[in-house]
Amino acid sequence: MAHPYCLQNALKKRPPVETTLFDMFKIGPGPSSSHTIGPMKAGADFCQCLAGLSDDRLVRASNIHVTLYGSLSATGKGHGTDAAVLAGLLGNTPEHCPPAVLPGLQADPEQSHSVTINGRTFKIGLKDIAFGPIQYDSPYSNTLSIELRDAGGKVLFAREYYSVGGGFIQWKGYTEPERGKPVHPYGTMRELSTIVRETGLNLHEIILDNEMAITGMTRPHIYERLNSIMEAMYDSVRRGLEASGKLPGTLGVWRKAQSLLEHSMEHNMPIGKGMGLLNAYAFAVSEENAAGGVIVTAPTCGSAGVMPALLYAMRKNLNVGERALCEGLLASAAVGFLAKHNAGIAGAEVGCQGEIGVASAMAAAMLAHARGYDGSVVENAAEIALEHHLGLTCDPVGGYVQIPCIERNAMGAVKAANAVLLATSEKNGQHKVSLDAAIMAMGEIGHEMNAKFKETSGGGLAVSMVEC
Ligand code: SF4
């Protein structure tokens, strides 16, 4: 019998990718897509559910209670998960949540807030959000339940949510929403490459065609939204480069993006300058993320510094045009989609290889595509970047997305650039490992990785550093 993770199995006919660009690239507050953005969306969704309840149920309701389980409970304090759910319940959505909301909620943990639904008002505060068991029988490690209760504690309505990575949420009984079907269906890189070959279309055109078919959006509308995504990425670099001081939390981590930028200017050798700039840009965004600033999930908050570092450098230092950047972003999405589809992109699911590893692979694909290399180079660059993150654990110290996360973004950005260098120096047919094989390996390693290395801060650096 074939090994469950062997390439033959990977390449069997798989259901097509139906993730969309704006499922993948979401603008929202840091520091964690699964621990901040997902829970905020769960809170907002719960309010929408309440709006659909009959008046006789609402009239008996008194308060809302939340319980966090698994990884959300283990590292939710450091990630601000409790404040994020509360912000969602108070009507905020990740894309439109003003930066002051989360720190404002965290500043007064005793305060009770009012949620008004159909003219009825219920009370909720941080003290109504419980950190439940870390070991919990659930299909996903990032689980939270939200309950509407009467004054005696009786549950009138409840929903169990799963934050499944990258800011995506599901809930018990969830079914995928009805959407269009992709016109170029693919479930693996091999199938995608075949479509490129047979249609003569460019990789980014295939992603665009599918996006239009799945979402019903027009091409100009997609480009307009992609431009907003890129602007949000550039903004996060600029804000991070201008900021200074200590990051929130108990670790006492100083922001370093500014000094890295200054240091990069002192380098005489192009390699030092290039790497120094990538480091500074990646730090800038990751520090913004750690501070709860607005970033773009690419594919997650924890790894949000990698893609913007490359994008900013391509625009500012390599003078790559906006159209090529946009097309590179589309190509990068294909890599993120396949990683999500066939392995996972959440630290809590597959470790940091799914966050920084996938971000690095996406960034490598973006750089190679934007610079005009053909599909095989794009695939090989992404594969190299991912291959050399395989096995990377998720062990955020103290539950904060700071150590090792911030430096790790810089390493992911530099590796992406080097992966393109390696891929472009190969001759046709020399490359041995396919992107499908690397993604399959990531899935196996991630799913068999001990839970203490998957965003619970129960092992690795999170333990050794604290105990030193
Ligand atoms: S270690 Fe990696 S996966 Fe874990 S929180 Fe940090 S960036 Fe995310």
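Residues numbered from 1 in each chain as written. Predicted model: local features only at pLDDT ≥ 70, side-chain atom pairs only at ≥ 80, totals over all residues. Heavy atoms only, no water.

Draft legend 1. The arrangement of the overall build of the protein chain in detail. Across its full length, the protein chain holds 20 helices and 9 strands. In terms of overall dimensions, the protein chain is globule-like: its C-alpha atoms have a radius of gyration of 22 Å, near the 23 Å expected for 468 residues. Across the 468 residues of the protein chain, 57% fall into the buried class. Summarising the internal contacts of the protein chain: among those between residues at least 6 apart in sequence, 76% fall at separations of at least 24. For the protein chain, the accessible area works out to roughly 19,000 Å², and carbon and sulfur atoms hold 53% of it. (Helix = DSSP H or I, 4+ residues; strand = E, 2+ residues; numbered from the N terminus. Rg over C-alpha atoms; globule rule 2.2 N^0.38 Å. Buried < 20%, exposed > 50% of the residue type's maximum accessible area, 1.4 Å probe, protein only. Contact = heavy atoms within 4.5 Å. Areas by Shrake-Rupley, 256 points an atom, 1.4 Å probe, with all protein chains shown as cover.)

Draft legend 2. Representation of the packing of aromatic side chains within the structure. Tallied over the full model, the rule gives 7 aromatic pairs. Measuring from ring centre to ring centre gives 3.7 Å for Y69 and Y136, while their planes differ by 10°; the resulting arrangement is stacked. On the criterion of sequence distance, the pair formed by Y69 in strand 2 (residues 61-69) and Y136 in the loop between strand 5 (129-131) and strand 6 (142-150) is long-range, its members being 67 residues apart. Looking at Y136, the relative accessible area reads 31%, which means it is partly exposed. (Phe/Tyr/Trp six-rings, centres within 6.5 Å; stacked < 30°, edge-to-face > 60°.)

Draft legend 3. Region of the structure containing unusual backbone geometry. Following G30, the chain continues to P31 via a peptide bond in cis, the omega torsion being 10°. Note that P31 resides in the loop between strand 1 (27-29) and helix 3 (33-51). That bond from I403 to P404 is cis: its omega, 5°, falls within 30 degrees of zero. By the element assignment, P404 lies in the loop between helix 17 (375-387) and helix 18 (405-424). Even without glycine at this site, N319 takes up a positive phi of about 55°. Along the polypeptide, N319 turns up in the loop between helix 13 (306-316) and helix 14 (322-342). Residue N319 is classed as exposed on the basis of its relative accessible area, which comes to 65%. Of note in this structure, S457 is not a glycine but carries a positive phi near 55°. Inspection of the secondary structure puts S457 in the loop between helix 19 (435-448) and helix 20 (461-467). Residue S457 is classed as buried on the basis of its relative accessible area of 19%.

Draft legend 4. How the structure looks around the domain arrangement of the protein chain. Splitting the protein chain by domain gives domain 1 (7-20 + 183-467) and domain 2 (34-171). Once you take the C-alpha centre of each, domain 1 and domain 2 turn out to be 29 Å apart. Between domain 1 and domain 2, the contact holds 18 residues from the first and 14 residues from the second. Of the roughly 1,200 Å² buried between domain 1 and domain 2, counting both surfaces, carbon and sulfur atoms make up 64%. When the buried surface of domain 1 facing domain 2 is broken down by residue, A348, E455 and T456 rank first, second and third, together holding 30% of it. Where domain 1 packs against domain 2, one counts 1 residue pair in polar contact (both at pLDDT 80 or more). (Domains from an automatic or database assignment. Buried area = accessible area lost by both parts, 1.4 Å probe. Polar contact = N/O pair within 3.5 Å; in protein donor to acceptor, adjacent residues only side chain to side chain.)

Draft legend 5. Main features of the site of the ligand. Around the ligand, the structure places G302, G347, C352, E355, C394, D395, C405 and R408. In a pocket analysis with a 2 Å cut-off to the grid points, the ligand is assigned to the largest cavity. The residue inventory of the shell around the ligand, partitioned by class, reads 3 nonpolar, 2 polar and 3 charged. (Near = heavy atom within 4 Å. 1 Å grid on protein atoms, 1.4 Å probe; cavity = no way out; pocket = protein on both sides within 12 Å on 5 of 7 lines; lining within 4 Å. Sits in = over half its atoms within 2 Å of the grid points. Nonpolar A, V, L, I, M, F, W, Y, C, P; charged D, E, K, R; others polar.)

Draft legend 6. Quick look at the environment of A257. Among the secondary structure elements, A257 is positioned in helix 11 (residues 257-265). Along the backbone, A257 and I271 are 14 residues apart, and their C-alpha atoms lie at a distance of 18 Å.

Draft legend 7. Just the packing of helix 10 (residues 219-242) against helix 11, in detail. In contact at an axis separation of 7 Å, helix 10 and helix 11 are set at 90° when each is read in the N-to-C sense. By the angle between their axes, helix 10 is roughly perpendicular relative to helix 11. Residue-level inspection shows G240, L241 and E242 of helix 10 in contact with helix 11, the latter providing A257, Q258 and L261. Grouping the constituent residues of the contact of helix 10 with helix 11 by class yields 3 nonpolar, 2 polar and 1 charged. (Axes fitted to C-alpha atoms, helices over the stretch in contact; angles between N-to-C directions. Parallel < 35°, antiparallel > 145°, perpendicular 65-115°, else oblique.)

Draft legend 8. Fine view of the nonpolar core. Judged by nonpolar contacts, the single largest core of 101 residues is most densely connected at L21, F25, L226, M233, M307, L310 and L329. Top element by residues in this core is helix 16 (residues 356-370). It accounts for 12 residues. Here this core spans two domains, and each of domain 1 (7-20 + 183-467) and domain 2 (34-171) adds at least three residues to it. Residues within four places of F25 in sequence aside, it is in contact with I229, M233, V296, T297, A298, M307, L329, S332, A333 and M362. Counting 35 residues, the second-largest nonpolar core is a separate cluster that includes A61, L86, L89 and I124. (Core = buried A, V, L, I, M, F, W, Y, C linked by side-chain atoms within 4.5 Å.)

Draft legend 9. Focus on the pairing of strand 2. In terms of burial, strand 2 is a largely internal element, 7 of the 9 residues being buried. Sheet topology places strand 2 next to strand 5; 3 bridges connect them, and they run parallel. Each bridged residue has a counterpart across the sheet, and for L68 the counterpart in strand 5 is F131. (Pairing = 2+ DSSP bridges.)

Draft legend 10. Spatial organisation of the pattern of salt bridges. Considering all chains together, one arrives at 15 salt bridges under this definition. R238 is the salt-bridge partner of E231, the closest N and O atoms lying 3.7 Å from each other. Here R238 falls in the partly exposed class, since its relative accessible area comes to 32%. Among the charged side chains, a salt-bridge network with shared partners connects E231, D235, R238, R315 and E322. (Salt bridge = Lys/Arg side-chain N within 4 Å of Asp/Glu carboxyl O.)

Draft legend 11. Highlighting helix 10. Between its terminal C-alpha atoms helix 10 stretches 35 Å, which fits the 34 Å expected from 24 residues at 1.5 Å a residue. Three or more residues of helix 10 are buried, namely I222, Y223, L226, I229, M230, A232, M233, Y234, S236, V237, G240 and L241. (Expected span 1.5 Å × (residues − 1).)

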